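An overview of the molecular structure
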Amino acid sequence: MTYVFPPAPVVALPVIDSDELVPVRRVYCVGRNYAEHAREMGADPDREPPFFFAKPTDAIVSCGGYIPYPPATRDVHHEIELVVVIGKPGSSISESAALDHVWGYGVGIDLTRRDLQAEAKKAGRPWAMAKGFDKSGPCSSIQPASRIGHPDTGAIWLKINGQIRQRGDLSQQIWRVEEAVAYLSGLVELQPGDLIFTGTPSGVGPIQKGDVLEGHIDGIGDLSVTIDKA
């Protein structure tokens, strides 16, 4: 078989303390999965069914580094998140079996062009260009669940230039990992390499050129991102 142009390179994330890589297949994100964040976004935090949006695979930036300030916006926000890596295929997975499909975990930042999102909401249009732009999903190296288990408690925080902006705990998630995996698997067939960004605690806010973002989740890892001044 001959391609009319070269296929895109495989997007992959390193595994901590290993030479192995996790190939990324699809990227799903859970919206408003912490009650305080739901409130700060003007939404009702009641436990309604979860909703999801997607980022393209090449939104993933392995292990952070330098990221350009995105075009067509003046209001980019940070959202620190637990990232779930699917390692076993399945559809209509039960909650009791859902964690068997999780290969590992990482630390991610969902970057959002908030002004574009607000315009889309007002017009009743999709959020795709607010959430799925280039390099909008930096992610840390991955911790295998076989090594750390399936953490459901632990501090999650984000600093900008050394100052805490977001702070929460994994126990504050409205939808636990197994619930989110089970629900999403009833909408699409999950496959190895699918990532799920599981939502962010309160404290989201704008970033500026030159900012250094540091994210952390207890027991999982750290992520550092610098917003390029250029």
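Preceding this paragraph is the structure being described.
The sections below set out a description of the structure shown in this document. Quick caveat, the model's predicted, so the values are computed rather than measured.

What counts, and at which threshold
- Residues numbered from 1 in each chain as written.
- Predicted model: local features only at pLDDT ≥ 70, side-chain atom pairs only at ≥ 80, totals over all residues.
- Heavy atoms only, no water.
- Pairing = 2+ DSSP bridges.
- Helix = DSSP H or I, 4+ residues; strand = E, 2+ residues; numbered from the N terminus.
- Axes fitted to C-alpha atoms, helices over the stretch in contact; angles between N-to-C directions.
- Buried < 20%, exposed > 50% of the residue type's maximum accessible area, 1.4 Å probe, protein only.
- Arc of directions from axis to C-beta.
- Salt bridge = Lys/Arg side-chain N within 4 Å of Asp/Glu carboxyl O.

Okay, the sheet that holds strand β16 (residues 205-206) next. Strand order in the open sheet formed by three strands is β10-β7-β16, with antiparallel pairing between adjacent strands. In the strand order of this sheet, the two ends are held by β10 (112-113) and β16, each with one partner. In the sheet, strand β7 (residues 76-78) pairs with β10 via two bridges, with the strands oriented antiparallel. Looking across to β10, one finds that H77 is bridged to T112.

Moving on: the sheet that holds strand β18 (residues 221-228). Read across the open sheet, the five strands follow the order β6-β18-β17-β13-β14; overall the sheet is mixed. Only two strands of the sheet have a single neighbouring strand rather than two, namely β6 (65-68) and β14 (163-169). Averaged over all adjacent pairs, the angle separating strand axes in this sheet is 20 degrees, with direction ignored.

This part is about helix α3 (residues 114-123). Listed in full, the buried residues belonging to α3 are R114, L116, Q117 and A120. Burial along α3 is one-sided: seen end-on, the buried residues are contained in an arc of 155 degrees. In this structure, α3 carries E119 and K122 as exposed residues pointing more than 90 degrees from its buried face. Note on α3: the residue one or two positions beyond its end, G124, has a positive phi of about 70 degrees.

To continue, consider the pattern of salt bridges. A full pass over the atoms with the stated rule returns eight salt bridges. For the salt bridge of K131 with E79, the shortest nitrogen-to-oxygen distance reads 3.3 Å. Separated by 52 residues along the polypeptide, K131 in helix α4 (residues 128-131) and E79 in the loop between β7 and β8 (80-86) bring together distant segments of the chain. You'll find K131 and E79 in the same group, each marked buried. Among the salt bridges present, the one from K131 reaches D110, with a minimum N-O distance of 2.7 Å. Here K131 is found in helix α4, whereas its partner D110 is found in the loop between β9 (102-109) and β10, with 21 residues between them in sequence. The residues K131 and D110 share a single accessibility class, namely buried.

Everything listed is a geometric property; what it means functionally is a separate question.
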